[in-house]
Amino acid sequence: MSTTQAINNRSKTAGLEQESSQATSTSSVYDTKQLNLWYGDNHALKNIDLDIKQNEVTAIIGPSGCGKSTYLKTLNRMVELVPNVKTSGQIMYRGRNIFDKDYSVEELRTRVGMVFQKPNPFPKSIYDNIAYGPRIHGIKNKKILDEIVEKSLRGAAIWDEVKDRLNENAYSISGGQQQRICIARALAIEPDVILMDEPTSALDPISTLKIEELVQELKKDYSIIIVTHNMQQAARISDKTAFFLNGEVIEYDNTDTIFSNPSDKRTEDYISGRFG
């Protein structure tokens, strides 16, 4: 399917979805202001300004090494796990700068969940994968944990597939199912935002479609920021798209505009396959 076809298909359903859904708030979840980041002497992010809205899917596209994943991991400060990282500027999350000294990293990562490129379930049962986060947060009651596990697995659209296998090791299921288990694990701590770093790059087309359908369902309750190399995927599932190049945001707009009428020639060259 071409990128244009993907847009057309998504546009056909957009009107119906808009009619059937309740009015969605357009308040900002993240407001990034003049963010710069260095790995040692390498200036990886340069003067990033991005305003990310609530209950939308925001796609970040661009060639390898352009800063996409670095930016994503800055949003929950996971990038600070890398040695010799320094930043300047602000990332406002719900009106508060996440770099403030009194801002708890643990609190931030509870509110902002993360799904990685390759499925990374814990070497535990499916049940224990989902219950892990709530237990860390002090929930010990078995009945409450059972409810959280079921709700989270239903939220990740995998309950019917695993409800009779909850005591089996999470590695015993397929890669696509494992990725949905990881999404359920993120949902179990009731986040506000879900970050996804190329969540379908290791999956087959059928599993990829299930994840994309899930993303569209989840945005009713969560704000989702997804890094993807797959421009057709960005066109299919996102509301807004940011094009990164050499650590800069070249263009950020509604997805349909980015793919059908970009304002910067570099964006047009990238989405048309002239480079990247």
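The structure presented is a predicted model; accordingly, all values stated were derived computationally and were not measured.

Read across the sheet, 6 strands follow the order 6-7-8-3-9-10 without closing on themselves; strand pairing throughout is mixed. Edge positions in the open sheet fall to strand 6 (112–115) and strand 10 (248–254), since each of these has one partner strand only. In this sheet, adjacent strand axes meet at a mean angle of 15 degrees when their direction is disregarded. Of the strand pairs in this sheet, strand 9 (residues 240–245) and strand 10 are connected by 6 bridges, and their pairing is antiparallel. Directly across from A242, in strand 10, lies its bridge partner Y252.

Before going further, it helps to spend a moment on the layout of surface pockets. Rolled over the atoms, a probe sized like a water molecule indicates the empty space that remains. Here the second largest pocket defines a volume of roughly 530 Å³. Lining of the second largest pocket is provided by 20 residues; of these, R109, M114, F122, R185 and I189 occupy positions nearest its centre. Elements represented by at least two residues in the lining of the second largest pocket include exactly helix 3 (105–111), strand 6, helix 4 (126–136) and helix 7 (175–187). Taken together, the residues of the lining of the second largest pocket sort by class into 11 nonpolar, 7 polar and 2 charged.

So, on to the packing of aromatic side chains. Here the structure, examined in full by the defined rule, presents 5 aromatic pairs. Aromatic pair F243 and Y270: ring centres 5.0 Å apart, planes at 20 degrees, arrangement stacked. Placement of the pair is F243 in strand 9 and Y270 in helix 11 (residues 265–271), with a sequence separation of 27 residues. Here F243 and Y270 have matching classes, each one buried. By way of ring pairs, the aromatic residues F243, Y270 and F275 are connected into one cluster. One residue, K86, lies across the ring of W38, its end atom 5.3 Å from the ring centre.

By way of backbone hydrogen bonds, the strands of a sheet pair with one another, either parallel or antiparallel. What the 4 strands build is an open sheet, ordered 2-1-4-5; its pairing is antiparallel. The sheet is open, and its two edges are formed by strand 2 (42–53) and strand 5 (96–97), each paired on a single side. Of the pairings in the sheet, the one linking strand 1 (residues 28–39) to strand 4 (residues 85–93) comprises 8 bridges and is antiparallel in character. Pairing of Y30 across the sheet is with Y93, part of strand 4.

Reading the values: rules and limits
Residues numbered from 1 in each chain as written. Predicted model: local features only at pLDDT ≥ 70, side-chain atom pairs only at ≥ 80, totals over all residues. Heavy atoms only, no water. Pairing = 2+ DSSP bridges. Helix = DSSP H or I, 4+ residues; strand = E, 2+ residues; numbered from the N terminus. Axes fitted to C-alpha atoms, helices over the stretch in contact; angles between N-to-C directions. 1 Å grid on protein atoms, 1.4 Å probe; cavity = no way out; pocket = protein on both sides within 12 Å on 5 of 7 lines; lining within 4 Å. Points joined across faces, edges and corners; volume = space filled by probe spheres on them. Nonpolar A, V, L, I, M, F, W, Y, C, P; charged D, E, K, R; others polar. Phe/Tyr/Trp six-rings, centres within 6.5 Å; stacked < 30°, edge-to-face > 60°. Buried < 20%, exposed > 50% of the residue type's maximum accessible area, 1.4 Å probe, protein only. Lys NZ or Arg CZ within 6 Å of the ring centre and 35° of its normal.

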